[in-house]
Amino acid sequence: MTDGTGVRLIDPVALGGGRVLYAPGVRAGGWVFATGHMAQDYGAGIAAEVLRPGAPHRTGSKRGREAAYLFDAVERVLAAAGSVPARIVRTDQYYSSVAMVPPFQAARRRRLGALIPPSTSIVQRGLLLPGAELDWQVVALAGDEPEVRHLDDAALRARPSSGYSPALTAGSFVFLSGNTAMAQGDEPRRGGVALAALIEEGLQWGGEPLRREAEFIVAKRLLPSLAIAGAGPDDVVKAQIYLTEPGDYGVLAEVWREHFGDARAALSIIPCAARGLAPIGGRIEINLIAHPDGASVDAGVAMPFAGQAQAVRAGDLLFLSALMAADADGLKPEAAVDPRQPWFRDGAEAQADIILDAAEALCAAAGTTLANIVRAQHFLTDLGAFYAVHRAWRQRLPGRPVPFSAVEVPAPLPVPGATVMMDLWVYAPAPQ
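Participant: Would you take a moment to explain the sheet that holds strand E25 (residues 373-380) for this structure?
Facilitator: Read across the sheet, seven strands follow the order E10-E26-E25-E27-E22-E21-E20 without closing on themselves; strand pairing throughout is mixed. Both outer strands of the open sheet, strand E10 (126-127) and strand E20 (295-297), are each paired with one neighbouring strand and no more. As paired elements, E10 and strand E26 (residues 404-408) share two bridges and run antiparallel to each other. Paired with leucine 127 across the bridge in E26 is valine 407. Its contacts with the sheet put helix H7 (residues 386-396) on E25, E26 and strand E27 (420-427), and the angle it makes with E25 is roughly 150°.

Participant: Help me understand the pairing of E26 in this model?
Facilitator: Along a regular strand, successive side chains alternate from one face of the sheet to the other. When you tally the buried positions in E26, you get five out of five residues, the bulk of the element. Where E25 lies against E26, five bridges are found, and the strand directions are parallel. In the strand pairing of E26, phenylalanine 379 is matched with valine 407. With respect to chirality, the unit in which E25 leads through H7 into the neighbouring parallel E26 is right-handed.

Participant: How should the layout of surface pockets be read in this particular structure?
Facilitator: Using a probe with the size of a water molecule, rolled over the atoms, empty space left in the structure can be pinpointed. Estimates place the volume of the largest pocket at around 430 Å³. Around the largest pocket, the lining comprises 24 residues; the ones closest to its centre are Val101, Gln105, Ser121, Leu277 and Ala278. When residues of the lining of the largest pocket are traced back to their parent elements, those giving at least two are helix H3 (101-112) and strand E9 (119-123). If you tally residues by element for the lining of the largest pocket, the top one is E9, at five residues.

Participant: For this particular structure, what's the right way to read empty space enclosed by the protein?
Facilitator: By the definition in use, this model includes four cavities of 30 Å³ or more. By volume, the largest cavity is sized at about 90 Å³. As for the largest cavity, its lining consists of Leu156, Tyr164, Pro166, Ser177, Gly178, Asn179, Thr180, Met182, Gln184 and Ser225. Split into classes, the residues belonging to the lining of the largest cavity amount to four nonpolar, six polar and no charged. Each pocket or cavity is described by its volume, and for the second largest cavity that value is around 70 Å³. In terms of lining, the second largest cavity is formed by 14 residues, of which the most central are Trp256, Arg257, Leu267, Gly307 and Gln308. The leading source of residues in the lining of the second largest cavity is helix H5 (residues 249-260), at three residues.

Participant: I keep staring at the sheet that holds strand E14 (residues 173-179) and nothing clicks. Help me out?
Facilitator: Strand pairing in a sheet takes place through backbone hydrogen bonds and is either antiparallel or parallel in direction. Spatially, the six strands line up as an open sheet ordered E12-E13-E14-E19-E17-E18, and their pairing is mixed. At either end of the open sheet lies a strand with only one pairing partner, and these are strand E12 (148-151) and strand E18 (266-271). With direction set aside, neighbouring strand axes in the sheet form an average angle of 15°. Here four bridges tie E14 to strand E19 (residues 284-290), and the two strands are oriented antiparallel to one another. Note that in E19 the partner of leucine 176 across the bridge is leucine 288.

Participant: When you look at unusual backbone geometry in this model, what are you seeing that I'm missing?
Facilitator: Here the amide bond leading from glutamate 145 into proline 146 is cis, since omega sits at -5°, within 30 degrees of zero. Inspection of the secondary structure assignment puts proline 146 in the loop between strand E11 (134-141) and E12. Positive phi values are uncommon outside glycine, yet alanine 263 reaches one of about 55°. Along the chain, the position of alanine 263 falls in the loop between H5 and E18.

Participant: Looking at this structure, I do not really get the nonpolar core. What am I missing?
Facilitator: Note that soluble globular proteins tend to have their nonpolar side chains buried in a common cluster. In this structure, Leu318, Leu320, Leu323, Val389, Trp393, Met422 and Leu424 are the most contacted members of the largest nonpolar core, which totals 41 residues. Put simply, the parts of the chain that give this core at least two residues each are strand E2 (13-15), strand E3 (20-22), strand E22 (317-320), helix H6 (347-365), E25, H7, E26 and E27. A total of eight residues in this core trace back to one element, the largest contributor, which is H6. Every residue in contact with valine 389, bar those within four places of it in the chain, is listed here: Ala348, Ala352, His378, Leu380, Val420 and Met422. With 37 residues, the next largest nonpolar core counts Ala194, Leu252, Ala265 and Ile284 among its residues.

Participant: Just to check I follow, could you spell out the packing of aromatic side chains for this structure?
Facilitator: In total, this model carries 16 aromatic pairs according to the counting rule given. Between phenylalanine 71 and tryptophan 136 the ring centres are 4.5 Å apart and the planes differ by 50°, which places this aromatic pair in the tilted class. Of the two residues, phenylalanine 71 is situated in helix H2 (residues 62-80) and tryptophan 136 in strand E11; the sequence distance between them amounts to 65 residues. Tryptophan 136 matches phenylalanine 71 in its accessibility class, with the two residues each being buried. By the ring-pair criterion, three or more aromatic residues cluster together here, those being Trp31, Phe33, Phe173, Phe175, Phe319 and Trp425. Across the ring face of tryptophan 425, the terminal group of arginine 375 is positioned such that the distance to the ring centre comes to 4.3 Å.

Participant: I would appreciate a short explanation of the pattern of salt bridges in the present structure.
Facilitator: Think of it this way: side chains of opposite charge can pair up when their charged atoms draw near. Following the criterion strictly, the structure yields 21 salt bridges and no others. The shortest N-O distance in the salt bridge between aspartate 92 and arginine 90 comes to 2.9 Å. Comparing aspartate 92 with arginine 90 shows no difference in burial state: the two are buried. For the salt bridge of glutamate 408 with arginine 125, the shortest nitrogen-to-oxygen distance reads 3.5 Å. Here arginine 125 lies in the loop between E9 and E10 and glutamate 408 lies in strand E26, a separation of 283 residues in the sequence. If you follow the salt bridges from partner to partner, you end up with Glu208, Arg211, Glu215, Glu254 and Glu258 in one network.

The rules behind these values
Residue indices begin from 1 for each chain and proceed along its sequence in written order. Under the rules for a predicted model, residues below a pLDDT of 70 receive no local features and side-chain atom pairs below 80 are neither given nor counted, while totals for whole chains, interfaces and linings still include all residues. Side-chain figures throughout are based on the complete set of non-hydrogen atoms in the structure, without hydrogens or water. When DSSP finds at least two bridges between two strands, those strands are taken to pair. Secondary structure counts use DSSP, requiring at least four H or I residues in a row for a helix and at least two E residues in a row for a strand, with both numbered from the N terminus. Throughout, a contact is declared for two residues whenever any of their heavy atoms are within 4.5 Å. In this description, a line fitted to the C-alpha atoms serves as the axis of each element, helices being fitted only across the stretch in contact, and the angle between N-to-C directions of two axes falls anywhere from 0 to 180 degrees. Summary of the burial criterion: residues with accessible area below 20% of their type's maximum are buried, those above 50% are exposed, and those between are partly exposed, where the area comes from a 1.4 Å probe applied to protein chains only. Orient the strands so they point away from the viewer; a crossover is then right-handed if the path from the first strand over the helix to the second runs clockwise. Here the term cavity refers to a set of points on a 1 Å grid, laid over the protein atoms alone, in which a 1.4 Å probe fits but cannot get out; the term pocket refers to an open set having protein on both sides within 12 Å along at least five of seven lines, with lining residues being those that place an atom within 4 Å of a point. Grid points are joined across faces, edges and corners, and a volume is the space filled by probe spheres set on the points. When residues are sorted by character, Ala, Val, Leu, Ile, Met, Phe, Trp, Tyr, Cys and Pro go into the nonpolar class, Asp, Glu, Lys and Arg into the charged class, and all the rest, Gly among them, into the polar class. Note on terminology: a nonpolar core comprises buried Ala, Val, Leu, Ile, Met, Phe, Trp, Tyr and Cys residues joined through side-chain atoms within 4.5 Å. Only Phe, Tyr and Trp rings are paired, with Trp represented by its six-membered ring, and only when their centres lie within 6.5 Å; those with planes under 30 degrees apart are stacked, over 60 edge-to-face, the remainder tilted. By definition here, charges over rings are those cases where NZ of Lys or CZ of Arg is within 6 Å of the ring centre and within 35 degrees of the ring normal. Salt bridge, as applied in this entry: a Lys or Arg side-chain nitrogen positioned within 4 Å of an Asp or Glu carboxyl oxygen.

Treat this as a map of the structure, not an account of what it does.
Here is the structure:
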């Protein structure tokens, strides 16, 4: 499916009796996106070949089959877009179960070999497909140019079980894996976290736990990873930060501004499940994208954190900060449901409408359109709200499938009363 936007949708499908239009893949310029992949038979839930209900143990484990199914599905998208697995530059995994991580990582090793692209793995409360344990998302390059370069450094190398590259370059873009304060090598540790990132055991005060951990990640993981790619903090154009403790939102925003400045990078701060990170004692995970020519986009959209960029354009991509139906004073009144008449409005759909208003304004300010959406991540405190949110998309882009994912995250979101957060990437080619 191709139109005049320069974006080609790959193998779009109608779900739920045709009420939800989904794009499993998108080709936009030289980019390929596969978003929201689960082990899904689009007409019947989880694929029978994954469940094998009559003989579930005959061909290994359900989780192993689920991982293989996902690789097959994503490889089909890549092939249809003129790409191959070796051209993958970033992957994101949302798990509903920690037990799914080892089978997926083993499958990834078999399929991708020694060159594992930068990866972010997060455990969340739930996925859109009941019984699924992984929502997989991939960003790749089509064709042969630019070169994809995996960068290595012994001090930054991931554990052998995961094995991802600490940094990868693709032209002017630099992709960094999701980084935690997980102890590496011989680093002393507690709860899997490097002791240097923790307050000394037995002390009632000695710093803020989140600040200690975040500053360790910045100094010992992120800045060195950027450096091996020839980049620095001023080059960061997009960041996703996952927190296990909602009380850490404000402290994290302070730390971010201190190290990366105001309005330089599109920033998304997302809650995740307790014990949802690789180190069981970890509170935070951060992934980054850098580019030397990022340009902030201003459409007058109020952001939840002071100094937060609304969006950043880098190359031919527009990265939006995570959007909620909020302004500087909190949840917008028009997003609220009147408790005296609660059944006359859907609060999630109202929030999605406000978010998409903001997204359209930012796209227009960057010289692109929401129809050029290439990756639409939804973080919902209740997956039951997804259909209402998708109705808002259907009103904006009638008849056009959306490359979406949706996961259930623990409440609260950073804005009290908000239940819908979107993290959007949009294709924004330079004017001809």
